[in-house]
Amino acid sequence: INAITDKIAIFTATIIPTFFTLCLCAQNTVSLETFNPLFGKQWTGTLTYLDYSNNEEFSIPVNMTVEPKTDRKVIFSIVYPGEESANNTTQVVISKDGTEFNGQKVQAIEAIGNGNTEIVTTERGKDNGKPAEMTYTYVIGPKIYSSEKFVRYVGTDHAFFRNGYAMQPVDH
């Protein structure tokens, strides 16, 4: 009986934690399939951003299409009606292991219902010329795309809203 107990203890101490570690790591990865709900649709909504000149939030209309380019690249085409000079096309690259996209480290990914997935990412960089850590929250689903960027300047504890998109498919 002691031999069986020892084997169960070894299994519990080694195999089960390894299994849960693998499950947790797999949960914090993205792939091209993560973006599938966005493909083949016209999206419309708003971009809201913090205007640093007056420290007020400002919203403008936005239209978007999202298409796969390769198995690790997604193309976001953004149109700002009335502000065509701001229109852009962004290529989002997914790392080979799926732990990053667009240079942002995937911190969490979770199915949140109605076919929607929430992704939280972080990156270090600069905002308004100051070193900062940015946290992004994305919601991707068949009837919603949203993203929010929060900025925390290095050496401070306060994070603030910088910008966000709130979009739905045109046929919604």
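Since the model is a prediction, treat every value here as computed from it, not as a measurement. (Residues numbered from 1 in each chain as written. Predicted model: local features only at pLDDT ≥ 70, side-chain atom pairs only at ≥ 80, totals over all residues. Heavy atoms only, no water.)

**As for the nonpolar core**
- Core analysis: the biggest nonpolar cluster contains 33 residues, and Phe35, Phe76, Phe101 and Tyr145 have the highest contact counts within it.
- Of all the secondary structure elements, the ones that give two or more residues to this core are strand 1 (42–51), strand 2 (56–70), strand 3 (73–79), strand 6 (104–113), strand 8 (130–141), strand 9 (144–153) and strand 10 (159–169).
- Here this core takes five residues from strand 8, the largest share from any one element. (Core = buried A, V, L, I, M, F, W, Y, C linked by side-chain atoms within 4.5 Å. Buried < 20%, exposed > 50% of the residue type's maximum accessible area, 1.4 Å probe, protein only. Helix = DSSP H or I, 4+ residues; strand = E, 2+ residues; numbered from the N terminus.)

**A few points about the pairing of strand 1**
- Looking at chain direction, strand 1 and strand 2 are connected through 10 bridges and run antiparallel. From the neighbouring strand, Gly45 faces strand 2, where its bridge partner is Val62.
- Where strand 1 lies against strand 10, seven bridges are found, and the strand directions are antiparallel. By the bridge assignment for strand 10, Thr46 is matched with Ala166. (Pairing = 2+ DSSP bridges.)

**Points about the layout of surface pockets**
- Volume-wise, the largest pocket comes out at about 450 Å³.
- Lining the largest pocket we find 21 residues, and of these Asn102, Tyr138, Tyr145, Ser147 and Tyr165 sit closest to its centre.
- Listing elements by their share of the lining of the largest pocket, those giving two or more residues are strand 3, strand 4 (88–93), strand 7 (116–127), strand 8, strand 9 and strand 10.
- Of the residues contributing to the lining of the largest pocket, the split by class is 13 nonpolar, six polar and two charged. (1 Å grid on protein atoms, 1.4 Å probe; cavity = no way out; pocket = protein on both sides within 12 Å on 5 of 7 lines; lining within 4 Å. Points joined across faces, edges and corners; volume = space filled by probe spheres on them. Nonpolar A, V, L, I, M, F, W, Y, C, P; charged D, E, K, R; others polar.)

**Topic: the sheet that holds strand 7**
- Overall, antiparallel pairing links the 10 strands, which are arranged 4-3-2-1-10-9-8-7-6-5 in an open sheet. The open sheet has two edge strands with one neighbour each: strand 4 and strand 5 (100–101).
- Bridge count between strand 3 and strand 4: six bridges; the pairing is antiparallel. Residue pairing across strands places Val74 opposite Val92, the latter belonging to strand 4.

**Digging into the pairing of strand 8**
- Here 11 bridges tie strand 7 to strand 8, and the two strands are oriented antiparallel to one another. Within strand 8, the residue paired with Gly125 across the bridge is Ala132.
- Hairpin connection, strand 7 to strand 8: the antiparallel pair is bridged by two residues, and Asn128 has positive phi, about 55°.
- Where strand 8 hands over to strand 9, the hairpin turn is made up of two residues, counted between the paired strands.

**Considerations on the packing of aromatic side chains**
- This model, assessed by the stated rule, comprises nine aromatic pairs.
- Judged by centre distance (5.5 Å) and plane angle (50°), the ring pair of Tyr153 and Phe160 falls under tilted. Taken individually, Tyr153 and Phe160 each receive the classification buried, so the pair is uniform in this respect.
- Feature note: the residues Phe35, Phe76, Phe101, Tyr136, Tyr138 and Tyr145 constitute an aromatic cluster, connected by ring pairs.
- For Lys130, the ring lying beneath its charged end belongs to Tyr153, and the centroid distance is 4.8 Å. (Phe/Tyr/Trp six-rings, centres within 6.5 Å; stacked < 30°, edge-to-face > 60°. Lys NZ or Arg CZ within 6 Å of the ring centre and 35° of its normal.)

**Some words on the environment of Gln91**
- Relative to the assigned elements, Gln91 resides in strand 4.
- The exposure class assigned to Gln91 is partly exposed, which follows from its relative accessible area of 33%.
- Taking the C-alpha atoms as reference points, Gln91 and Pro68, 23 residues apart in sequence, are found 9.5 Å from one another.
- Apart from the residues lying within four places of it in its own chain, the contact partners of Gln91 are Lys69, Lys73, Val74, Ile75 and Asn102.
- At 3.1 Å, the side chain of Gln91 and the side chain of Lys69 are in polar contact. (Contact = heavy atoms within 4.5 Å. Polar contact = N/O pair within 3.5 Å; in protein donor to acceptor, adjacent residues only side chain to side chain.)

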